[in-house]
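# Observations on the three-dimensional arrangement
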Amino acid sequence: MRITRAEALARFPNGLGDNRDEMQLSCYILCHPIVKSDGEVIGVIELHRHNIDTPFYKEDEEIVHSYLIWGGIALHYADLNSIMNKQKKLNDFLLSVVRSIFQDMISMDAVIKKVMNFAQRLVDADRASLFLVDSRTKELYARIFDMGSGKDQCGSDPLLENSVKEIRFPIGTGIAGLVATSGGILNIPDAYKDERFNRGVDQMTGYVTKSILCMPVFIRSTIIGVVQMVNKKRGLFTKDDEEAFEMFAVYCGLALHHAKLYDKIRRSEQKYRVALEVLSYHNSCSDDEFELARAMGVPKSIPGLDEYF
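For the structure given in this document, a descriptive report is provided here.

About the thresholds
- Residues numbered from 1 in each chain as written.
- Predicted model: local features only at pLDDT ≥ 70, side-chain atom pairs only at ≥ 80, totals over all residues.
- Heavy atoms only, no water.
- Helix = DSSP H or I, 4+ residues; strand = E, 2+ residues; numbered from the N terminus.
- Buried < 20%, exposed > 50% of the residue type's maximum accessible area, 1.4 Å probe, protein only.
- Contact = heavy atoms within 4.5 Å.
- Areas by Shrake-Rupley, 256 points an atom, 1.4 Å probe, with all protein chains shown as cover.
- Expected span 1.5 Å × (residues − 1).
- Phe/Tyr/Trp six-rings, centres within 6.5 Å; stacked < 30°, edge-to-face > 60°.
- Lys NZ or Arg CZ within 6 Å of the ring centre and 35° of its normal.
- Pairing = 2+ DSSP bridges.
- Axes fitted to C-alpha atoms, helices over the stretch in contact; angles between N-to-C directions.

Tallying secondary structure elements over the protein gives nine helices and nine strands in all. Here the protein holds 309 residues, and the buried ones make up 34% of them. In the protein, the share of contacts with a sequence separation of at least 24, taken over all contacts with a separation of at least 6, comes to 56%. For the protein, the accessible surface area stands at approximately 20,100 Å², while carbon and sulfur atoms represent 56% of it.

What follows is the structure in C-alpha cells.
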C-alpha cells in the first residue's frame, strides 16, 4: 500500500500502527506485509518519508518486497529457534524435577512439597496447592496447603511448619473439585468474576486470588490429585503455561504414585519389624527355663495338641 499523508488521515483517523504522531509528520507512507512461504502473514512493515517531495513508487515497492522475502524466512527461522530454546528449557526443567524428586524420595509430604515448588517455578505463580483424591470418601484433601514463595528448593516454608491440619472437602466443590470431577484444565483470568470460585479461603486468610490455573494429575487414566496455581506474577496464565504444566503433571503423577508405594512399603516394613520383635520376645527363654526343659525331657504326649488340627 502506497498512500500520502492526506489519504492516511482520511482512511485511518486513529493512525497507522501504534504511532499517530509519526503519521502526522509523514508525507508519504509505504506499508508492505511480511509473508511466510506458506502464505501466512506474520507482520507488516511501515516506511515513512518526512519532508521529502518524492513519493514511493512501484520500484520502491518491488525493492521492499525482495528484501521482505528474506526477512520472512529469517523471522520464520527465528521463531523456530525460539520454540526450540523454549522446549530445551522445559526439558532441562523436567529433568531437574525427575532428579530432585526420585533421587530423594523420603516421604509423601516431601514429594508434595517438591511438586508444588517446581510447579510454582514452572509457571511463575505466587501460590501453589496440591489436593489428593481420597477415593474411599470421595473427597479432596491436602496436608500441605497454599505454599507461598518464601521457601527454598526443598519446599521449607515457616508458614507450613504449623499448618499440619489436614484440609478436606467433597469432590466437586470449588475450582479444584470441579477439575477433579471433569478431568479438564481450568484457566481463570479473574477468579472473582467466576461463580465457581470459593471466596471463603480468601476471607479466612486475607489473601486475594486473581488468576487461577488448575490441572488434574493422572496415573493410569485415573485422577489422583489436582494441582492449583494462583496469581501469575507477571500477567495472566497463558496457553504455553497450560501446555508446559500439562507435561509437568505427567511427572507429578509418577512421583505421587511412587511416593504412595514407598509409604506403603515403609509402613509394611514397620509392621514386620514390630511383629518380628514380638515373636523374638516370646520365643526367647532364660537359662533356668532352658535347664528345666532339658531336665524334663521331651514329653511322650502333649495334652490338647489334637485340638489345634
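On we go from here.
Moving on, we come to helix α4 (residues 108-123). For α4, spanning 16 residues, the distance from its first C-alpha to its last is 23 Å, which sits close to the expected 22 Å at 1.5 Å a residue. Along α4, the positions that sit buried rather than exposed are Met108, Val111, Ile112, Lys114, Val115, Met116, Asn117, Phe118, Ala119, Gln120, Leu122 and Val123. Note on α4: the residue one or two positions beyond its end, Asp124, has a positive phi of about 60 degrees.

Turning our eyes to something else, we now look at the packing of aromatic side chains. Aromatic rings in a pair are described by how distant their centres are and how their planes are angled relative to each other. All told, the structure shown has three aromatic pairs when counted by the stated rule. Here the aromatic rings of Tyr192 and Phe197 are separated by 5.3 Å at their centres, their planes lie at 65 degrees, and the arrangement is edge-to-face. It is Arg49 that lies over the ring of Phe56; its NZ or CZ is 4.3 Å from the centre. In this structure, Arg127 packs its charged tip against the face of Tyr207, placed 5.0 Å from the ring centre.

An order of β6-β5-β4-β9-β8-β7 is seen for the six strands of this open sheet, with the pairing classed as antiparallel. On the outer flanks of this sheet lie β6 (167-170) and β7 (186-188), each paired with one strand and no other. The average undirected angle you get between the axes of adjacent strands in this sheet is 25 degrees. Of the strand pairs in this sheet, strand β4 (residues 125-134) and strand β5 (residues 139-142) are connected by three bridges, and their pairing is antiparallel. In the sheet register, Val133 faces β5, and the bridge partner there is Leu140. Packing of helix α6 (residues 174-182) onto the sheet brings it into contact with β4, β5, β6, β7, β8 (212-219) and β9 (222-232), and relative to β9 it is tilted by some 145 degrees.

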